[in-house]
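Analysis of the macromolecular model
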Amino acid sequence: QVHLVESGGGLVQAGGSLRLSCAASGGIFSINAMGWYRQAPGKQRELVAAITSGGTTNFADSGKGRFTISRDNAKNTVYLQMNSLKPEDTAVYYCNANIVTRYLIGGDYWGQGTQVTVSS
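In this text, all values refer to a predicted model and were calculated from it rather than measured experimentally.

**Description of the pattern of salt bridges**
Applying the stated criterion to the full structure yields 4 salt bridges. In this structure, R38 and E46 form a salt bridge, with 2.8 Å as the shortest nitrogen-oxygen distance. The class for E46 is partly exposed, based on a relative accessible area of 36%. Between R66 and D89 there is a salt bridge, with the nearest N and O atoms lying 2.7 Å from each other. Taken as a pair, R66 in the loop between β6 (57-59) and β7 (67-72) and D89 in the loop between β8 (77-82) and β9 (91-101) lie far apart in primary sequence, 23 residues in all.

Next up, the structure:
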């Protein structure tokens, strides 16, 4: 069974940095795109950044110039480096991955979420 486990959230002051990690495991044949979404209280979940298996990246306007996404395909892990954090970045951050299992069945999987809180 596929699992995505996130780490790296926490409390940081405005202007600070955090690095989120998400490791996928469990019966994986291949992983296509991986990405990060976030959901603030009272708001819809939104894309933060995504990266394809070939390394092509896509960012929401809110994170351009401040966030970097990368992945280690050998470790089935995706990272989100967040710099110059703002209070409006406060949200629960979710890892997402499009995974083909060893049974050659594809689907989208989500992590449990990690809280990021930026104080002013």
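Right, picking up where we left off after that structure.
**A few points about the state of the cysteines**
Tallying each qualifying case throughout the model produces 1 disulfide. Disulfide pairing is shown between C22 and C95; the S-S distance is 2.1 Å. Because the sign of the S-S torsion sets the handedness, a value of about -80° for the bond joining C22 and C95 places this disulfide among the left-handed ones. In this pair, C22 sits in strand β3 (residues 18-25) while C95 sits in strand β9, placing the two residues 73 residues apart along the sequence. Accessibility expressed as a relative area gives 0% for C22, which makes it buried.

Parameters at a glance
Residues numbered from 1 in each chain as written. Predicted model: local features only at pLDDT ≥ 70, side-chain atom pairs only at ≥ 80, totals over all residues. Heavy atoms only, no water. Salt bridge = Lys/Arg side-chain N within 4 Å of Asp/Glu carboxyl O. Buried < 20%, exposed > 50% of the residue type's maximum accessible area, 1.4 Å probe, protein only. Helix = DSSP H or I, 4+ residues; strand = E, 2+ residues; numbered from the N terminus. Disulfide = S-S within 2.5 Å.

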